[in-house]
Amino acid sequence: MKAPPRERRAVSVRGIVQGVGFRPFVYALARRHGLAGLVRNDAAGIHVEVEGVPEELAPFLRGLRDEAPPLAVVEAVAWKPLATLGESEFRIEVSREGAARTLVSPDVAACEACLAELFDPADRRYRYPFTNCTNCGPRFTITRQVPYDRATTTMAAFEMCPECRAEYDDPADRRFHAQPNACPACGPRVKLLDRFGRELGPSAEDPIRRAARMLRGAAVLAVKGLGGYHLACDPFDGDAVRALRGRKVRQDKPFAVMCRDVIQARRLCRLSPEEEKLLTSPARPIVLLERQEDCGVTEEVAPRQNTLGVMLAYTPLHHLLLGDAGIPLVMTSGNRSDEPIAYKDEEAFERLGDIADFFLVHDREVHMRTDDSVTRVQRGGPYPIRRSRGYTPAPLALPEGFARHVLACGGELKNTFCLGRDRHAFMSHHIGDLENYETLRSFREGVEHFCRLFDVRPELVACDLHPDYLSTRYARELEEAGYPVAGVQHHHAHVAGCLADNGQPLSERAIGVALDGTGYGTDGAVWGGEFLEGSIEGGFERRAHLDYMPLPGGAAAIRQPWRMALAQLVTLYGEEETLRLPLDVVRKAGERNVRLVARLVEHGLNTPPTSSAGRLFDAVAALVGVPGTQRATYEGQAAVELELAAKRTAAARRYPFRLRPGEEGWVIETREIIAGVVEDLLAGCPKGAISARFHRTVAEMVAAACERIREASGTGAVALSGGTFQNMLLLGQATELLEKRGFEVYTHRRVPTNDGGLALGQAVLADRVFREEGE
């Protein structure tokens, strides 16, 4: 009987298909269908050559998508015919280098199979803190370049022992071609050192057990993890947490807590099914959760907060440390305030030596520092606050591709950058606040690494309009080197980023509400209460904004919110009447400061006009007298404290406000809001009631302004963006009011609403400008 005809095909698979067990999966799939050929990584993804009868080739191709490993993201499968070679075996080949077009997997939390081995006394990897397989472990943080092979990672320094090599070479083993594969005989090792980098005296005790005992004894430890160092201590020990706060110079900003498992997390916080799903996802982000009143965590971990930032252990080392400690642990970024996370051992001892008592370190190099991601649940889905470890560098798929390679430099606070190529936006890991040399160096290193990793050669650079941002200065350096640079207005970028985040086409028209603290306006003022209308394709126009108010002392008013309150009082009542007001903010400031602010406002000395919603929140917070208004110890503290006060009270009514025509659409007057707050304070109304009423007022203000814009434009979609919408009370009320009025509301889902998502909007808007100029 004549054998059926055979065919051979070259198959290209694109997406996140390296470092996720895809080659072993292809090998097994081909063997199952009786096919011959080969599979290898290439710089674009996975290359397969497969030969067999057509009846088996068809289901094989379908299986590449339908049966892919759980961590894989298959974006495209394409094939072309080849001449048959008459092969009878299927094999995995060594990767070939070339132009980097593949996608790199984020780091992945330890899987259940590896954890079972970790705690099995009979297993050769018992208590080995670097246990991993093709389904879990480090990826992005150890990758130097692509293709993703051991030789191109920081595991290249560790030669596999015969047993690990046998696993690596066995197609039936789950460690088949697992690049970080290691064991106690051949892999990285842990050491416990003092703050000077010296190994502690001889001890038969396991260094992780010894570290856990120290943590139970009120010590502060620096712990080297996947993307850098954490600082850890006992969250039930107020003295230990206070010591950490004092040394780190972090007065009020909450610390995150790491739990061993969901059971332990439930003892600290209430968990909805959606929150549990997010907490246990492979990314293992920090999730903001409602705190149990009797959880026992000291108040110093998250002062005055009703939430805790909780994450689950995500590396074997964490699982061992948490298990040995027997308690959750504070796990906060290993840095001094305002610096990026330490990730190199030498810099960790230099920068953290006066913070940590001891260092739990290992000898696997971290190639790219990556901080923990932070998110929460909003309306049943994730609402990112910081997108970093576990998500980066997975690209955001966009409905329409970039015309050219784009580099968007982001803003100043919570900086991230973005690379645009084809239909992908590669958002960087969290860089931090670009306010010092260390963070700028981290930014530069990140840009270079991403460009190399994803073969992006920027043909257009986007940046913020603010001339003094370090990200803008970096872009201008590139401009001097010959790169075209496009400045993008801050709030336009916020709105465009929200639309792109939601996968909306470039032509989608929307009303964009961008509320935040600071953004350089096209008129030279400090914007921050903006209502725009338009599309990414056609650009946005300013249709309404909060009324300008004085910003006395410029940046000083951001650090000292009482200045905003005094400026509002002086503007509303005059200098002498303000001094007679029996308000705490006036009493604490004193006559000298009241008169100083009055002079600044009167003469406009270092007092730019601002339409900032963040500064309006600061003014009300200072009037009400919540903590953080004499001197804010972290960005947005006054607004956070005001929201906390409001959550305990339901608002029965709103303060009055009105919209009047202005030069650029509607102007939302806020004088009556301030007057209403003052009247309530003089009448003895509780802080919570005033705060709740103010929040309701801002939500009503958003809905009213959008209604006016819709009447003129017919636009029925609203995109909510900007750091002020991290306020969940305001976000919820504004969304509800808008939807009741028939608006379709877009909020962020994949990138943060704060400036951590700004670069995405810059990239898509700059690309649109580039297209227009090229047409």
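Residues numbered from 1 in each chain as written. Predicted model: local features only at pLDDT ≥ 70, side-chain atom pairs only at ≥ 80, totals over all residues. Heavy atoms only, no water.

Visitor: What is the right way to read the overall build of the chain from this model?
Guide: Secondary structure summary: the chain contains 23 helices and 31 strands in total. Against the compact-globule benchmark of 28 Å for 775 residues, the chain has a radius of gyration of 28 Å, which places it among compact chains. Once the C-alpha set of the chain is aligned to its principal axes, its extents read approximately 100 × 70 × 50 Å. Within the structure as shown, the chain displays about 29,100 Å² of accessible surface, and the carbon and sulfur contribution to it stands at 49%. Distance between charge centres in the chain, computed from 98 positive and 106 negative side chains, equals 2 Å. (Helix = DSSP H or I, 4+ residues; strand = E, 2+ residues; numbered from the N terminus. Rg over C-alpha atoms; globule rule 2.2 N^0.38 Å. Areas by Shrake-Rupley, 256 points an atom, 1.4 Å probe, with all protein chains shown as cover. Lys, Arg positive; Asp, Glu negative; His and termini not counted. Charge placed at Lys NZ, Arg CZ, Asp CG, Glu CD.)

Visitor: What exactly am I supposed to notice about helix α18 (residues 613-624) here?
Guide: Since one α-helical turn is 3.6 residues long, residues separated by three or four positions face the same way. Helix length check: α18, at twelve residues, gives a terminal C-alpha distance of 17 Å against a target of 16 Å (1.5 Å per residue), a fit within 8%. Among the twelve residues in α18, twelve count as buried, and that is most of the element. For α18, every residue scored as buried is listed here: A613, G614, R615, L616, F617, D618, A619, V620, A621, A622, L623 and V624. The N-terminus of α18 is capped by S612, whose side-chain oxygen sits 3.1 Å from the backbone nitrogen of G614. Taken from the residues just after α18, G625 is the one with a positive phi, measuring 95 degrees. (Expected span 1.5 Å × (residues − 1). Buried < 20%, exposed > 50% of the residue type's maximum accessible area, 1.4 Å probe, protein only. Polar contact = N/O pair within 3.5 Å; in protein donor to acceptor, adjacent residues only side chain to side chain.)

Visitor: Please explain the pattern of salt bridges as it appears in this structure.
Guide: Any two side chains of opposite charge can pair, on the condition that their charged atoms come close. Taken as a whole, this structure holds 71 salt bridges when the rule is applied. Between E438 and R441 there is a salt bridge, and its shortest N-O distance comes to 3.0 Å. Here E438 and its partner R441 are both found in helix α11 (residues 437-453), three residues apart, which amounts to about one turn of the helix. The class for R441 is partly exposed, based on a relative accessible area of 28%. With a shortest N-O distance of 2.8 Å, R542 and E664 are connected by a salt bridge. In this pair, R542 is assigned in strand β25 (residues 539-546) and E664 in the loop between β28 (658-662) and β29 (665-669), connecting sequence segments 122 residues apart. The buried category is assigned to R542, whose relative accessible area is 6%. (Salt bridge = Lys/Arg side-chain N within 4 Å of Asp/Glu carboxyl O.)

Visitor: In this structure, what is going on with the packing of α18 against helix α19 (residues 637-646)? I would like to understand it.
Guide: Helix-helix packing is described using two parameters, namely the angle between the two axes and the distance between the axes. In contact at an axis separation of 8 Å, α18 and α19 are set at 60 degrees when each is read in the N-to-C sense. Classified by the angle their axes make, α18 and α19 are oblique. Regarding α18 and α19, the two cross each other, and that crossing is left-handed. Residues F617, D618, V620, A621 and V624 of α18 form the contact with α19, whose own contacting residues are A638, A639 and L642. Its residues placed into classes, the contact of α18 with α19 shows seven nonpolar, no polar and one charged. (Axes fitted to C-alpha atoms, helices over the stretch in contact; angles between N-to-C directions. Parallel < 35°, antiparallel > 145°, perpendicular 65-115°, else oblique. Left-handed = near helix turned anticlockwise from the far one by under 90°. Contact = heavy atoms within 4.5 Å. Nonpolar A, V, L, I, M, F, W, Y, C, P; charged D, E, K, R; others polar.)

Visitor: Even after reading the chapter, I still don't get the sheet that holds strand β19 (residues 418-421), so can you show me in this structure?
Guide: Backbone-to-backbone hydrogen bonds pair the strands of a sheet. The strands run either parallel or antiparallel. Overall, mixed pairing links the six strands, which are arranged β17-β20-β19-β18-β21-β22 in an open sheet. Strands with a single pairing partner mark the edges of an open sheet, and in this sheet they are β17 (396-397) and β22 (485-488). Packed onto the sheet, helix α12 (residues 470-480) meets β18 (406-408), β21 (460-464) and β22 and runs at close to 150 degrees relative to β21. (Pairing = 2+ DSSP bridges.)

Visitor: Would you mind showing me how to read the pairing of strand β1 (residues 7-16) here?
Guide: Here is the key point about a regular strand: its side chains alternate between the two faces of the sheet. Judged by how many residues are buried, β1 sits mostly within the fold: eight of ten residues are covered. Two elements, β1 and strand β3 (residues 45-52), share seven bridges in a ladder whose sense is antiparallel. When the bridges of β3 are listed, E7 appears paired with G52. For β1 and strand β4 (residues 73-82), the ladder comprises nine bridges, and the chain directions are antiparallel. Counted as the bridge partner of I16 is V73 from β4.

Visitor: Help me out: how do you make sense of the packing of aromatic side chains in this one?
Guide: What characterises a pair of aromatic rings is the spacing of the ring centres plus the angle enclosed by the ring planes. Scanning the entire structure with this criterion turns up 13 aromatic pairs. Centroid distance F617 to F694: 4.8 Å. Interplanar angle 75 degrees. Geometry classified as edge-to-face. In this pair, F617 is assigned in helix α18 and F694 in helix α21 (residues 687-713), connecting sequence segments 77 residues apart. Taken individually, F617 and F694 each receive the classification buried, so the pair is uniform in this respect. Through a chain of ring-to-ring contacts, the aromatic side chains of F140, F417, F426, F443, F450, F454 and Y474 assemble into a single cluster. Over the face of the ring belonging to Y314 we find R389, whose NZ or CZ atom lies 3.6 Å from the ring centre. In this structure, R542 packs its charged tip against the face of W527, placed 3.7 Å from the ring centre. (Phe/Tyr/Trp six-rings, centres within 6.5 Å; stacked < 30°, edge-to-face > 60°. Lys NZ or Arg CZ within 6 Å of the ring centre and 35° of its normal.)

Visitor: Just checking my understanding: could you explain the layout of surface pockets for this structure?
Guide: If a probe as big as a water molecule is rolled over the atoms, it shows which places are left empty. When its volume is computed, the second largest pocket comes out at roughly 660 Å³. Counting only elements with at least two residues in the lining of the second largest pocket, the list comes to β4, β15 (374-378), β16 (381-386) and β17. (1 Å grid on protein atoms, 1.4 Å probe; cavity = no way out; pocket = protein on both sides within 12 Å on 5 of 7 lines; lining within 4 Å. Points joined across faces, edges and corners; volume = space filled by probe spheres on them.)

Visitor: When you look at the environment of W666 in this model, what are you seeing that I'm missing?
Guide: Topologically, W666 is positioned in strand β29. W666 sits 46 residues away from V620 along the chain, and the two C-alpha atoms are 23 Å apart. Non-local contacts of W666, meaning those with residues more than four positions away in its chain, are made with R543, A544, H545, L659, R660, P661 and R708.

Visitor: Teacher, can you tell me more about the packing of helix α20 (residues 671-682) against α21 here?
Guide: Taken N-terminus to C-terminus, the directions of α20 and α21 make an angle of 165 degrees; their axes are 11 Å apart at the nearest point. By the angle class used here, α20 and α21 are roughly antiparallel. The two elements α20 and α21 meet at a crossing, and its hand is right-handed. Of α21, the residues touching α20 (which contributes I673, V677, D680 and L681) are I690, R693, F694, T697 and M701. Residue composition of the contact of α20 with α21, by class: six nonpolar, one polar and two charged.

Note that all results are geometric; they support no functional claim without further evidence.
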